[in-house]
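Now for the letters of each chain:
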Amino acid sequence: MRFQSPRGMVDVLPEDQPYWRHIIKSSEKLARSFGYERLDPVLIEDTGLFLRSIGEGTDIHDKEMYVVGVLGRPAEAMSELALRPEFTAGVMRAYLEHGMASRPSPLRLYSLGHVFRHEAPQLGRYRQISQFNAEAIGSLDPALDLEIMLLAWGFFEVNGVQGLSFQVNSTGCPRCRPGYVAALRAYFEPHTARLHGDDRRRLEVNPLRVLDSKDEATGALLGAAPQMLDYLCDECRAHFTELRGYLDAIGRPYTVNHRLVRGLDYYTKTVFEVWGQAGLGSQNALCGGGRYDGLIELLGGPPTPSVGFAAGIDRLMLTMKALDVAVAPLPAPQVVVAYLGADAKLAAIQALNDLRSAGLRATAAFGDRGLKAQFRFADKAGAAYTLILGSDEVAQGVVTVRDMAKSEQTQVPREKLALYLTERLA
Ligand code: AMP
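Summarised in this report is the structure supplied together with it. Here the structure is a predicted model, which is why all the values come from computation and not from measurement.

Let's shift gears to the state of the cysteines. Using the criterion set out here, one finds 0 disulfides in the structure. Between Cys176, a free cysteine, and Cys233, which holds the nearest cysteine sulfur, the sulfur-to-sulfur gap is 3.7 Å. On the basis of relative accessible area, Cys176 is assigned to the buried category, the value being 7%. Free of any disulfide, Cys236 has its nearest neighbouring cysteine sulfur in Cys173, separated by 3.6 Å. The exposure class assigned to Cys236 is buried, which follows from its relative accessible area of 0%.

Before going further, it helps to examine the pairing of strand S14 (residues 385–389). In terms of residue burial, S14 counts as a mostly covered element, since 5 of its 5 residues are buried. Of the two faces of S14, the one holding Tyr385, Leu387 and Leu389 and the one holding Thr386 and Ile388 are both buried throughout. Two elements, strand S12 (residues 335–339) and S14, share 5 bridges in a ladder whose sense is parallel. Looking at S14, one finds that Val335 is bridged to Tyr385. When S14 meets strand S15 (residues 398–403), the two strands line up antiparallel, connected through 4 bridges. Across the sheet, Ile388 pairs through a bridge with Thr400, a residue of S15.

A word on the environment of Val161. Within the secondary structure layout, Val161 lies in the loop between helix H6 (142–157) and strand S7 (165–170). Taking the relative accessible area as the measure of exposure, Val161 reaches 1% and is therefore buried. C-alpha separation for the pair Val161 and Leu286, spaced 125 residues apart in sequence, amounts to 10.0 Å.

This brings us to a nonpolar patch on the surface. Taken together, the side chains of Leu43, Ile44 and Leu81 define a hydrophobic patch exposed on the protein surface, amounting to about 210 Å² of accessible area. Tracing the backbone through its elements, the reader meets Leu81 in strand S4 (residues 81–83). For Leu81, a relative accessible area of 35% gives the class partly exposed.

Before going further, it helps to spend a moment on the sheet that holds strand S16 (residues 408–413). One open sheet accounts for 5 strands, arranged S13-S12-S14-S15-S16; its pairing is mixed. This sheet does not close on itself; its edge strands, each paired only once, are strand S13 (362–364) and S16. On average, adjacent strands in this sheet sit at an angle of 30 degrees to one another, irrespective of strand direction. Its contacts with the sheet put helix H14 (residues 371–381) on S12, S13, S14 and S15, and the angle it makes with S12 is roughly 175 degrees.

At a minimum axis distance of 8 Å, the contact between H6 and helix H10 (residues 234–250) shows a crossing angle of 50 degrees. Of the possible angle classes, the one that applies to H6 and H10 is oblique. Relative to H10, H6 is oriented so that their crossing is right-handed. Mapping the contact onto sequence places Pro142, Ala143, Asp145, Leu146, Met149 and Leu150 in H6 and His239, Glu242, Leu243, Tyr246, Leu247 and Ile250 in H10. By residue class, the composition of the contact of H6 with H10 is 9 nonpolar, 1 polar and 2 charged.

Further remarks concern the site of the ligand. Around the ligand, the surrounding shell holds 13 residues, and the nearest of these are Arg117, Glu119, Tyr126, Gln131 and Gly312. Arg117 has a polar side-chain atom sitting 2.8 Å from an oxygen atom of the ligand. Glu119 places a side-chain nitrogen or oxygen 2.6 Å from a nitrogen atom of the ligand. Protein contact buries 84% of the 480 Å² of open area that the ligand shows by itself. Breaking the shell around the ligand down by element, the ones donating at least two residues are strand S6 (128–137), strand S10 (285–291) and strand S11 (306–312). If one sorts the elements of the shell around the ligand by residue count, S11 sits on top with 3 residues. Across the shell around the ligand, the residue classes tally to 6 nonpolar, 3 polar and 4 charged.

Here the focus is unusual backbone geometry. The peptide bond linking Ser105 to Pro106 adopts the cis configuration, its omega dihedral lying at 0 degrees. Inspection of the secondary structure assignment puts Pro106 in the loop between helix H5 (88–97) and strand S5 (107–116). In this structure, Lys269 takes a positive phi of about 55 degrees despite not being glycine. Along the chain, the position of Lys269 falls in strand S9 (residues 268–275).

The sheet built from 3 strands is open, its strands ordered S2-S4-S3 with antiparallel pairing. Among the strands making up the open sheet, the edge pair consists of strand S2 (44–46) and strand S3 (67–68). Where S3 meets S4, 2 bridges bridge the pair, whose relative direction is antiparallel. Residue pairing for S4: Val68 is matched across the bridge by Leu81. Each of S2, S3 and S4 touches helix H2 (residues 47–54); the most contacted strand, S2, lies at about 75 degrees to it.

Let us look at the pattern of salt bridges. Applying the stated criterion across every chain yields a total of 17 salt bridges. Across the salt bridge formed by Asp16 and Lys321, the nearest N and O atoms sit 2.8 Å from each other. Of this pair, Asp16 sits in the segment before helix H1 (17–33) while Lys321 sits in helix H12 (residues 313–322), placing them 305 residues apart in sequence. The exposure class of Asp16 is buried, given its relative accessible area of 16%.

What follows concerns the nonpolar core. Generally speaking, a soluble globular protein has its nonpolar side chains buried in company with each other. If you look at the biggest cluster of nonpolar residues, it comprises 61 residues, and the most contacted ones within it are Phe155, Phe156, Phe272, Val274 and Phe309. With 10 residues, H6 is the largest single contributor of residues to this core. Not counting residues up to four positions away in its chain, the partners in contact with Phe155 are Ile23, Ser27, Leu30, Phe132, Ala311, Gly312, Ile313 and Leu316. One finds Leu49, Ala94, Met100 and Leu295 within the second-largest nonpolar core, a separate group that totals 25 residues.

How each quantity is defined
Along each chain, residues carry numbers from 1 onward, in the same order as the chain's sequence is written. Selection of residues for local features in this predicted model requires a pLDDT of at least 70, selection of side-chain atom pairs for listing and counting requires 80 or more, and totals for whole chains, interfaces and linings are taken over all residues. The side-chain quantities take in all heavy atoms of the structure and omit both hydrogens and water. Defined by distance alone, a disulfide is two cysteine sulfur atoms within 2.5 Å. Think of it in three bands: residues with accessible area under 20% of the maximum for their type are buried, residues over 50% are exposed, and the middle band is partly exposed, with areas taken using a 1.4 Å probe on protein chains only. Only DSSP runs of H or I covering at least 4 residues are called helices, and only runs of E covering at least 2 are called strands; the numbering of each starts at the N terminus. Between any two strands, at least two bridges found by DSSP are needed for them to pair. For patch building, the residue pool is restricted to those with more than 30% relative accessible area and no salt bridge; the joining distance is 9 Å between like charges and 5 Å between nonpolar side chains (Val, Leu, Ile, Met, Phe, Trp, Tyr). Values of accessible area rely on a 1.4 Å probe in the Shrake-Rupley scheme; residue burial ignores everything except the protein chains shown. Salt bridges are defined by distance alone: a side-chain nitrogen of Lys or Arg within 4 Å of a carboxyl oxygen of Asp or Glu. Simply put, an axis is a line fit to the C-alpha atoms, just over the touching stretch for a helix, and the angle between two N-to-C directions goes from 0 to 180 degrees. Contacts: residue pairs with any heavy atoms within 4.5 Å of one another. An angle counts as roughly parallel when it lies under 35 degrees, as roughly antiparallel when it exceeds 145, as roughly perpendicular when it falls between 65 and 115, and as oblique in every other case. Take the far helix as the reference: if the near one is turned anticlockwise from it by less than a right angle, the crossing is left-handed, and if turned clockwise, right-handed. When residues are grouped by polarity, Ala, Val, Leu, Ile, Met, Phe, Trp, Tyr, Cys and Pro land in nonpolar, Asp, Glu, Lys and Arg in charged, and all others, Gly among them, in polar. Proximity is defined per residue: any heavy atom of the residue falling within 4 Å of a molecule or strand makes that residue near it. Polar contact is the term for a pair of N or O atoms within 3.5 Å; when the atoms are in protein, one must be able to donate a hydrogen and the other to accept it, and sequence-neighboring residues count only if both atoms are side-chain atoms. Nonpolar cores are built from buried Ala, Val, Leu, Ile, Met, Phe, Trp, Tyr and Cys residues. Side-chain atoms within 4.5 Å join them into one set.

Right under this line is the structure:
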């Protein structure tokens, strides 16, 4: 029996590593330039943490979470732990667990790694997903909403995606949102018969989610639906106005999108998306984020406002390929050591060891193949030099060094080899 990777989970092969390396290096550099520190929350948490923080009426909560267990333990133990389906809950748990409220505020954190969601797989939609995530914890200042938005924008910009713009909205707070939700429900009341079953359910469980329905009938009704911005309390309105002022001042294109929502109670005020140029996948949204001033309290901490975003690395890689973004190849071996005969093999092993200790990238075909096959191996590896060791070289204490580009050979004493190559490869 041959195993395959689980459905919706893809291996990252060596040829895709240059993209990953580029994305991870450039986004970590970007995050540090914004003053963000890396936090790696654990990969598995109490299922309850995610259930509580992600909330009913979302796909992740209702049907996409992987629970994990230990073979031989009772089935109920299986549901105690879950693979993280996103970063925010774990970051906030870590924030509380490690008393990070005592650190300078706002606390700026970023994370990179895998999250898992049991979604229906297709191109660009996987079950093992890599994300870049950032949070600014401890301040209500709209300047931080802007900062998070700029970080999200920068994440795509430093990876070669252009033609970016923002979509923004405010979803209010627990003071003003209920008034809006009541108005939205009242508006849809006479039309419920025309709504798709999912949307009717949303209207019950999580009414704001009706706003981002993909259903046509709902979409047609939404044109005349009440808008959240007309219902904002003074604090939320002032917050949104200030954020828009900053966006104007910094000159980033944005559109106020009345249908942009998060739809959970602890999400407050700002929601945003970064959009890319048309033609990047089925939707223009590259990533989204927003403010969740109620989340830490929901997890048992003191009221602590925060704002953040998450962006997918797998999709970014597909976008970069579609856009032909150039990324640097990963360093190839510089030197391949070839040998003929048992004594020469021993000398080759020693030479390899010396070169690697000197910090050079060196490798060998091994398997005692003929010289021709070893040259082919060196060619494919892209090595600049091939070393040849035979019985003559061993007897004389030298190595034949072949410059692959020039097809020239010269002999170098064994003890000078590392220095000789280091100087030429510098
Ligand atoms: P979310 O946490 O749902 O807001 O997702 C944040 C980002 O993760 C999205 O903008 C996508 O880039 C990426 N993402 C979410 N779900 C998937 C998936 N199933 N496959 C690949 N990327 C995903």
